[in-house]
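Examination of the molecular architecture
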Amino acid sequence: MIDNSEDLKDKALACKPGLRSKFVNITIGDEEYGFRISGIGAKAVKLEKYVKYDDIIEAVSSGNDNGLEAMIKKIIEDYEEDEE
């Protein structure tokens, strides 16, 4: 078992091509969402998921107010450009 970040990074970089096609499921609220491992770098692992606008509205309209879709909708609704 790997127990330090340096060895974990070395293993990830050595397995980079295979890892980039893997998915990880993460529970957010009451739902489980699949994220693709889209990047393996020297400092971090990048997870990626596309969430369609129609899916956001459908999920929130059906009462899913604590899932990923609701979080994204709130971020978009609350965003304001920085004034310079």
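Let me sum up the structure you'll find in this document. Residue positions are counted from 1 within each chain, in the order its sequence is given. Per-residue local features are limited, in this predicted model, to residues with pLDDT of at least 70; the limit for side-chain atom pairs, both in listing and counting, is 80 or more; totals at the level of whole chains, interfaces and linings are taken over all residues. Excluded from the side-chain calculations are hydrogens and water; all other atoms, namely the structure's heavy atoms, are used.

1. Points about the pattern of salt bridges
- By definition, a salt bridge exists where a carboxyl oxygen of Asp or Glu is found within 4 Å of a side-chain nitrogen of Lys or Arg. According to the stated counting rule, one finds 4 salt bridges in the structure shown.
- A salt bridge links E48 to R36; the shortest N-O distance between them is 2.6 Å. In this pair, E48 is assigned in strand β3 (residues 45-48) and R36 in strand β2 (residues 31-40), connecting sequence segments 12 residues apart.
- For the exposure calls, accessible area comes from a 1.4 Å probe over protein chains only, and a residue counts as buried if that area is under 20% of its type's maximum, exposed if over 50%, partly exposed in between. With a relative accessible area of 29%, R36 lands in the partly exposed category. The helix and strand labels rest on DSSP assignments: H or I over at least four residues marks a helix, E over at least two residues marks a strand, and numbering proceeds from the N terminus.

2. Some words on the environment of N4
- Within the fold, N4 resides in the segment before α1 (5-14).
- A relative accessible area of 32% means that N4 is categorised as partly exposed.
- C-alpha separation for the pair N4 and K49, spaced 45 residues apart in sequence, amounts to 27 Å.
- Here a polar contact is recorded for every N or O atom pair within 3.5 Å, except that within protein the pair must consist of a potential hydrogen donor and a potential acceptor, and residues adjacent in sequence are included only if both atoms are side-chain atoms. Within the structure, N4 has its side chain in polar contact with the side chain of D3 (distance 3.4 Å).

The analysis is restricted to geometry; functional conclusions fall outside its scope.
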